[in-house]
Amino acid sequence: MNFLRGVMGGQSAGPQHTEAETIQKLCDRVASSTLLDDRRNAVRALKSLSKKYRLEVGIQAMEHLIHVLQTDRSDSEIIGYALDTLYNIISNDEEEEVEENSTRQSEDLGSQFTEIFIKQQENVTLLLSLLEFDFHVRWPGVKLLTSLLKQLGPQVQQIILVSPMGVSRLMDLLADSREVIRNDGVLLLQALTRSNGAIQKIVAFENAFERLLDIITEEGNSDGGIVVEDCLILLQNLLKNNNSNQNFFKEGSYIQRMKPWFEVGEENSGWSAQKVTNLHLMLQLVRVLVSPNNPPGATSSCQKAMFQCGLLQQLCTILMATGVPADILTETINTVSEVIRGCQVNQDYFASVNAPSNPPRPAIVVLLMSMVNERQPFVLRCAVLYCFQCFLYKNQKGQGEIVSTLLPSTIDATGTSVSAGQLLCGGLFSTDSLSNWCAAVALAHALQENATQKEQLLRVQLATSIGNPPVSLLQQCTNILSQGSKIQTRVGLLMLLCTWLSNCPIAVTHFLHNSANVPFLTGQIAENLGEEEQLVQGLCALLLGISIYFNDNSLESYMKEKLKQLIEKRIGKENFIEKLGFISKHELYSRASQKPQPNFPSPEYMIFDHEFTKLVKELEGVITKAIYKSSEEDKQEEEVKKTLEQHDSIVTHYKNMIREQDLQLEELKQHISTLKCQNEQLQTAVTQQVSQIQQHKDQYNLLKVQLGKDNQHQGSYSDGTQMNGIQPEEIGRLREEIEELKSNQELLQSQLAEKDSFIENLKSSQPSPGTNEQSPATASARDSEQIAELKQELAALKSQLNSQSLEITKLQTEKQELLQKTEAFAKSVPVPGESETVIATKTTDVEGRLSALLQETKELKSEIKALSEERTAIKEQLDSSNSTIAILQNEKNKLEVDITDSKKEQDDLLVLLADQDQKIFSLKNKLKELGHPVEEEDELESGDQDDEDDEDEDDSKEQGHI
């Protein structure tokens, strides 16, 4: 600073130094001085001179300043001065008011200095590295880079793109805690991302969306300041015409974070200019994501996301709100239009939106009322038309709903509500030509690519005046055409008629049925009118060409060939084709064909509709060919058409057959797969069973071998040897089993012998019935006594259990009464006026009673517990008694069965003995008859012997029962 004062102060003592000499001395000082303070002061002086003497400082000092940036990096102050000086040289922002020529020279000067600076790419890389320094270096570095990008954006962008970590360093500016650097960083990124898709992708993948949305939220969304505006502009740079970033924005769920931007309060008065700007940019950002120019898949996914997160609902709320500024309302309508365009879900939702009126009206009706109202702003009416077009775009359901409001069966007879169809008809026949055009185009969109609605619209009848019969809508449109109205009205009606009649032979027949229509069209085309009427002539030629091309020859007077002959006689084919070409050659035709939105600077430019330009492009060539074709060619074409139709019907039939066969094949495949699964399961089961059978066979063979060897070689084994594959241990075990079986067999044989001897004894003895029945009777009496005792014991236990249950119930009721008394005592309150002694006495008495009651309650609880335990024990005893009774009953049943068997055996023995006695008696008689004497002693002895045998038998039975 002292050096600068010396230089400037020396001017009064010595000769006057020019500014160039002063700047030269300062530059020499910067280049040659060894002291850092001297260089710093010199750079500071150059900074102060750089604004006024920009050219001189730039020419002489730029090289020295760049050298300072390279060599004096350790001192942030001199680096900051150097950056500020370079910024003043290159930037065109802070210019003094000068003439236009000087301003252009200054802009050229900035570009020239920028070109000099970036000629060495290392200089830009050097600036990027300086951004990591402190605030005094970082801020001027950001401003200098921003200025370089404004001057020569593409060149600087390319240098930054190839610099290592160049974009990442610039992205770090958004995370700086100092708002001034963060805000200038947003401006720098705006300039960096402009028209450079590669940098836009890098910035997006460096988490730019997250940081920018955070800044917008921190600043207050639409209520924020200019920082919000800068962030929105940067977001538009990143997303516009960049499909990759749009997809990344959607996949990152950032669309959901846009919803709070449009939360507008009920009181919408007093909107600031900044809020209007912010909301306008926010709506434009939504439109960027759903623009018709984007790929259809990307637009559709964004539209669905906006509906799912409630963004569309929020926009419709703004649409129906009051107090919203006109430009915001217009842009909101355009935004809603593109959010619903071609998306069935969104279109259905929009059809259900009602305006907050009494009674509620559909939003579509309210918007159409604005469109046909000539007092509304022109841009608003265009926006409503675009919204209606987008609502009907690829929406046959919506088209049917609009046309149905015109049909006789759906018209409101009371007239209390206005429908969309009535508004369109009212606009179609109003005195305002703009309303005529808008209503005609809107109605044409309700018929676009929908043959069903074209036929339905033929049913519409209009009452033109009282007392006159109604006329069809088609006839009324042609009547207005013939009346010579304004060009805009006639163009709108002709576009409607061309759309209506194309691809609809029935509508063509209805149109030709009116004998005045064809002469009117030929008269319009044949006249030589001015340039303004040429467009109407071209549209009339198009309508007449459609009547020829889509004619089904159902009217004999207006067959294709007759119409072509009429054109050749009245107009001439060449003249007809020339008039037809007036449409596509019109200057407004190409403008309308560029984008779907009807965007016109003023009403007189509103001539063509975007969808109609597509129809003209499609039909112009085929109509030209149809006019030049001969009748024979027409016949051949008709035959070809019929053949093609037959072929198409055959193909359709076979397609249906193939579709049915595919369904059957799919069902059979599923059935086969099910059968395969079942087959696999059955095969698995069979395999398991086969393995089990094989195991059983092996075991059977092994046992067979073992048994065979045992029978042949029993007792001939030697220890430690193995015979026929059988181990000695197994042989020993099998021998033991055989021995056991033999012993069991001998035991059974001995028991059998005993039984046989017992039977022989019974046979030889005489039965005594009284003795035989004594033992089972005694056993059954003993069993009945035990059962009676057990029953008595069970009855006693049951009575004891009932008495204890009654006692428990009684104790529980007493406990409940005591608890109620306790609560009554606890609720008692001393009466005011009693003495404290009495109160204390009562309190003591109550406490004593309470303690006594509590003690009694505890005792009762203990008694109840003991009784419950006794009850449990009695239940256990009862269960054991029941089990004992069941066991005894089983034994009794077994004894009864044994007794029955014994009785049967005795009866059998008695029968045998009776038979034997009979035989003995017969033998004795025979002996007596033969003369052999029979002694009585033998009979007595045999009788005594029988008595003894009977006694022995009775004794043995009693012992058996015991």
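Just so you know, these numbers come straight off a predicted model, no measurement behind them. Think of each chain on its own: its residues are numbered from 1, step by step along the sequence as written. Note on the predicted model: pLDDT of at least 70 is required for a residue's local features to be given, and 80 or more for side-chain atom pairs to be given and counted; whole-chain, interface and lining totals, by contrast, use all residues. Side-chain measures were taken over the full set of non-hydrogen atoms in the model, leaving aside hydrogen atoms and water.

### Quick look at the environment of Y628
Here is step 1: Helix numbers and strand numbers start at the N terminus; a helix is a DSSP run of H or I with at least 4 residues, a strand a run of E with at least 2. Mapped onto the elements, Y628 comes out in helix α36 (residues 610-628).
Here is step 2: Residues Y628 and K564 lie 64 residues apart in sequence; the distance between their C-alpha atoms is 8.6 Å.

### Quick look at the side chain of S435
Here is step 1: As for its placement among the helices and strands, S435 is situated in helix α25 (residues 433-447).
Here is step 2: Burial classification: accessible surface area is computed with a 1.4 Å probe over protein chains only, and a residue below 20% of its type maximum counts as buried, one above 50% as exposed, and the rest as partly exposed. By relative accessible area, S435 is classed as buried at 1%.
Here is step 3: Within 3.5 Å is the distance limit for a polar contact, defined as a pair of N or O atoms, with the added protein rule that one can donate a hydrogen and the other accept it, and that residues adjacent in sequence qualify only through two side-chain atoms. Within the local environment of S435, its side chain forms a polar contact with the backbone oxygen of V372, the two atoms lying 3.3 Å apart.
Here is step 4: Whether two residues are in contact is decided by their heavy atoms: any pair within 4.5 Å suffices. S435 has contacts with M371, V372, R381, G427 and S430, leaving out every residue within four places of it along the chain.

### A word on the confidence of the model for the protein chain
Here is step 1: Think of pLDDT as the predictor's per-residue confidence, scored from 0 to 100. With 77% of its residues at a pLDDT of at least 70, the protein chain reaches an overall mean of 81.
Here is step 2: Contacts for the low-pLDDT stretch residues 716-726, under 50 throughout, to residues beyond four places or in other chains number 14 contacts.
Here is step 3: Taken together, the stretch residues 955-962 has pLDDT below 50 and engages in four contacts with residues farther than four places along the chain or on a different chain.

### Remarks on helix α7 (residues 121-130)
Here is step 1: Most of α7 is tucked away: seven of the ten residues are buried.
Here is step 2: All of the buried residues along α7 are N123, V124, L126, L127, L128, S129 and L130.

### Some points on a negative patch on the surface
Here is step 1: Patches draw on residues past 30% relative accessible area with no salt bridge. Two like charges within 9 Å are joined, as are two nonpolar side chains (Val, Leu, Ile, Met, Phe, Trp, Tyr) within 5 Å. Accessible areas in this description were obtained via Shrake-Rupley with a 1.4 Å probe; residue shielding takes into account the shown protein chains only. One speaks of a salt bridge when a side-chain nitrogen belonging to Lys or Arg is within 4 Å of a carboxyl oxygen belonging to Asp or Glu. Just so you know, the count uses Lys and Arg for positive and Asp and Glu for negative, and it drops His and the chain ends. Charge placement uses NZ in Lys and CZ in Arg. For Asp and Glu, CG and CD serve respectively. Taken together, the side chains of D898, D901, E905, D907 and D908 define an acidic patch exposed on the protein surface.
Here is step 2: Counting through the fold element by element, E905 comes out in helix α41 (residues 836-930).
Here is step 3: Given a relative accessible area of 52%, E905 falls into the exposed group.

### As for the pattern of salt bridges
Here is step 1: All chains considered together, the criterion is met by 22 salt bridges.
Here is step 2: A salt bridge links D37 to R40; the shortest N-O distance between them is 2.7 Å. Residue D37 and its partner R40 are both found in helix α3 (residues 36-50); the two are separated by three residues, about one turn of the helix.
Here is step 3: Residue D37 is classed as partly exposed on the basis of its relative accessible area of 45%.

### As for unusual backbone geometry
Here is step 1: Following N358, the chain continues into P359 via a peptide bond in cis, with omega recorded as 0°.
Here is step 2: Tracing the backbone shows P359 in the loop between β1 (354-355) and β2 (361-362).
Here is step 3: The phi dihedral of N207 falls on the positive side, at around 70°, and the residue is not glycine.
Here is step 4: Examined against the element boundaries, N207 turns out to sit in the loop between α12 (197-205) and α13 (208-218).
Here is step 5: A relative accessible area of 35% means that N207 is categorised as partly exposed.

### Here we look at the state of the cysteines
Disulfides are covalent bonds that connect the sulfur atoms of two cysteines.
Here is step 1: We call a pair of cysteine sulfur atoms a disulfide when they lie within 2.5 Å. The final tally for this structure, using the stated rule, is zero disulfides.
Here is step 2: Among the cysteines around C390, which has no disulfide bond, C387 carries the closest sulfur, lying 6.9 Å off.
Here is step 3: You can call C390 buried: its relative accessible area is 1%.
Here is step 4: C425 takes part in no disulfide bond, and the closest cysteine sulfur, belonging to C477, lies 8.2 Å away.

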